[in-house]
Amino acid sequence: QVQLVESGGGLVQPGGSLKLSCAASGRFFSINGMGWFRQAPGKERESVAAIISGGSTNYADSVKGRFTISRDNAKNTVYLQMNSLKPEDTAVYYCNVEVSTYYSGSPRRFENSYWGQGTQVTVSS
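Procedures and definitions
- Residues numbered from 1 in each chain as written.
- Predicted model: local features only at pLDDT ≥ 70, side-chain atom pairs only at ≥ 80, totals over all residues.
- Heavy atoms only, no water.
- Helix = DSSP H or I, 4+ residues; strand = E, 2+ residues; numbered from the N terminus.
- Rg over C-alpha atoms; globule rule 2.2 N^0.38 Å.
- Disulfide = S-S within 2.5 Å.
- Buried < 20%, exposed > 50% of the residue type's maximum accessible area, 1.4 Å probe, protein only.
- Pairing = 2+ DSSP bridges.
- Axes fitted to C-alpha atoms, helices over the stretch in contact; angles between N-to-C directions.
- Core = buried A, V, L, I, M, F, W, Y, C linked by side-chain atoms within 4.5 Å.
- Contact = heavy atoms within 4.5 Å.
- Salt bridge = Lys/Arg side-chain N within 4 Å of Asp/Glu carboxyl O.

**Quick look at the overall build of the protein chain**
In step 1: Within the protein chain one finds zero helices and 11 strands.
In step 2: Listing the helices and strands of the protein chain from first to last along the sequence gives β-β-β-β-β-β-β-β-β-β-β.
In step 3: Computed over the C-alpha atoms, the radius of gyration of the protein chain is 15 Å, within 12% of the 14 Å expected from 2.2 N^0.38 for a compact globule of 125 residues.
In step 4: For the C-alpha atoms alone, the extent of the protein chain along its principal axes is close to 55 × 25 × 25 Å.

Next up, the structure:
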């Protein structure tokens, strides 16, 4: 089982910045990829940014040039630096982590995704 703990959300004025963190803990062989999603009231959850084990990143068009995803492999932590925040960035932000797990006596590899609890980001003047 893997648990993700998010932090860094809060209230910020338009044009301000926040940095979100998501730390993974538990028992797993490796982290395959980490990403951030967000969900605003009345809207569907959408992908914001992702980073895979090789270091490649993906961003939603709406955040390109403003958000940066990064990771600290030693700490099993993913970050989302959010700059030039806009009111439309207001949402609950969730991290997602895909891990690989092996069990003793079995060559089978299990791939599972886990969600963080969510952290509220509010951009308002």
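**Points about the state of the cysteines**
In step 1: Applying the stated rule across the entire model yields one disulfide.
In step 2: Put simply, Cys22 and Cys95 are joined by a disulfide, and their sulfur atoms are 1.9 Å apart. Its S-S torsion of approximately 50 degrees makes the covalent link between Cys22 and Cys95 right-handed. Linking Cys22 in strand S3 (residues 18-26) with Cys95 in strand S9 (residues 91-102), this pair joins segments that are 73 residues apart in sequence. When sorted by exposure, Cys22 lands in the same class as Cys95, which is buried.

**Focus on the sheet that holds strand S8 (residues 77-82)**
In step 1: The four strands are arranged S1-S3-S8-S7 in an open sheet whose pairing can be described as antiparallel. The open sheet has two edge strands with one neighbour each: strand S1 (2-7) and strand S7 (67-72). Recorded for the sheet is a direction-independent mean angle of 15 degrees between the axes of neighbouring strands.
In step 2: Alignment of S3 against S8, held across six bridges, turns out to be antiparallel.

**As for the nonpolar core**
In step 1: By size, the foremost hydrophobic cluster in this structure holds 31 residues, and its most contacted members are Leu4, Trp36, Val48, Phe67, Leu80, Met82 and Tyr93.
In step 2: Among the elements that take part in this core, S9 stands out by supplying five residues, more than any other.
In step 3: Ignoring sequence-local partners within four residues, the contact set of Leu80 consists of Leu18, Lys19, Leu20, Trp36, Val48, Ala49, Phe67, Thr68, Ile69 and Tyr93.

**Observations regarding the pattern of salt bridges**
In step 1: Summed over all chains, the structure comprises five salt bridges.
In step 2: Between Arg38 and Asp89 there is a salt bridge, with its nearest N and O atoms 3.0 Å apart. One end of the pair, Arg38, is in strand S4 (residues 30-39); the other, Asp89, is in the loop between S8 and S9, with 51 residues separating them in the sequence. The exposure classification of Arg38 matches that of Asp89, with both residues buried.
In step 3: On the accessibility criterion, Asp89 (0% relative accessible area) is buried.
In step 4: One network of salt bridges, in which partners are shared, links Arg38, Glu46, Arg66 and Asp89.

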